[in-house]
Amino acid sequence: MAPRLFVNVDHVATVRQARRTVRPDPVEAALLCLSTGKVAGITVHLREDRRHVNDDDVARMKTALTVPFNLEMSCAEQIVGVCLRTHPEEATLVPEKREEVTTEGGLDMRRGFNRVREVTRRLRADGILVSLFIDPDADAVKLAADAGASHVELHTGRYCDAPPEARTHELEALHDAALVAHRLGLVVNAGHGLSTENVGAVAAIPNMHDLNIGHSIIARAVMVGLARAVDEIYAAMQVAPRD
Ligand code: PXP
């Protein structure tokens, strides 16, 4: 069976924030995704700088969703507080740098171990599943298990960005890490940079549970929806009386 699809709707909010207005609404977008019957969960990343999704979106998402809500977050105390108040079904801990355009790598499980373990314990004590976003590396997987995570999310960015000659090697790293994680009793998710061109090989990795996919879906939605949006505005212009 193929893994489940979780859609990351952050970039709906990115478009909204370009005008600091209320549309497009990431919650409305999430419900549209669910209306396909193909989406098992919704993911958003509440960044410390709130550059796209904000606290109100997170609260409304939790109320509106009838499927698991996966909150991506750093270990910053303020964000941990939002998570504990919101109580999503799952939290994915990610590294976060203010200047980055998107999450650049997996968690540094060696340097950050104590804080990751502490946050993991607090969230899990509250009944929240905790996934750690890590590079596909056996040592990082073992440290994720030691930190008490229920899940790992394997970073697929290196595989997705690899030149053709390095693809097989990067895919093997994902396979190996997924196997180690599965043997340690961790649920295995993956994500970052996945698109219709590269998702097949990742979806075929044994024991892959959920794939988190955002940018390629929202980017494609703009393209498949643009002609209709032009039609609608054009039709609205035609009713204006002129002399
Ligand atoms: N998983 C994690 C941990 C992420 O940080 C992101 C990007 O927000 C994704 C998955 C989705 O990546 P993309 O937008 O490239 O599909």
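Just so it is clear, the model here is predicted, and its values are computed rather than measured. (Residues numbered from 1 in each chain as written. Predicted model: local features only at pLDDT ≥ 70, side-chain atom pairs only at ≥ 80, totals over all residues. Heavy atoms only, no water.)

Enquirer: Which parts of the structure should I look at to understand the packing of aromatic side chains?
Expert: Any aromatic ring pair is given by two values, namely how distant the centres are and how the planes are angled relative to each other. Within the structure shown, the criterion is met by zero aromatic pairs. In this structure, R167 is placed above the aromatic ring of Y159, and the distance from its NZ or CZ to the ring centre is 5.1 Å. (Phe/Tyr/Trp six-rings, centres within 6.5 Å; stacked < 30°, edge-to-face > 60°. Lys NZ or Arg CZ within 6 Å of the ring centre and 35° of its normal.)

Enquirer: In this structure, what is going on with the pairing of strand β5 (residues 129–134)? I would like to understand it.
Expert: Residues in a regular strand project their side chains so that they alternate between the two faces of the sheet. Taking burial as the measure, the six residues of β5 include five buried ones, the bulk of the element. Pairing analysis gives four bridges linking strand β4 (residues 90–93) to β5, with the strands arranged parallel. Bridging from a neighbouring strand, E90 pairs with L129 of β5. In this fold, β4 hands off to helix α5 (residues 113–125), which returns the chain to β5; that crossover is right-handed. Pairing of β5 with strand β6 (residues 151–155) involves four bridges; the strand directions are parallel. Looking across to β6, one finds that S131 is bridged to H151. (Buried < 20%, exposed > 50% of the residue type's maximum accessible area, 1.4 Å probe, protein only. Helix = DSSP H or I, 4+ residues; strand = E, 2+ residues; numbered from the N terminus. Pairing = 2+ DSSP bridges. Right-handed = clockwise from strand over helix to strand, strands pointing away.)

Enquirer: Is there a simple way to explain the layout of surface pockets in this structure?
Expert: Think of a ball as big as a water molecule: rolled over the atoms, this probe shows where empty space is left. Its volume calculated, the largest pocket comes out at about 1200 Å³. L32, I217, I218, A221 and V222 are, among the 31 residues lining the largest pocket, the residues nearest its centre. Elements with a contribution of two residues or more to the lining of the largest pocket: β1 (4–8), α1 (10–17), α2 (26–34) and α10 (215–238). Take the lining of the largest pocket: its biggest share by element is twelve residues, from α10. A per-class count over the lining of the largest pocket returns 19 nonpolar, five polar and seven charged. Within this model, the second largest pocket holds a volume of roughly 600 Å³. Taken together, 27 residues form the lining of the second largest pocket, with H11, T102, H192, G193 and H215 sitting closest to its centre. If you list the elements that add at least two residues to the lining of the second largest pocket, you get α1, α7 (157–161), β8 (208–213) and α10. If one sorts the elements of the lining of the second largest pocket by residue count, α7 sits on top with three residues. Looking at the lining of the second largest pocket, its residues break down into six nonpolar, 15 polar and six charged. (1 Å grid on protein atoms, 1.4 Å probe; cavity = no way out; pocket = protein on both sides within 12 Å on 5 of 7 lines; lining within 4 Å. Points joined across faces, edges and corners; volume = space filled by probe spheres on them. Nonpolar A, V, L, I, M, F, W, Y, C, P; charged D, E, K, R; others polar.)

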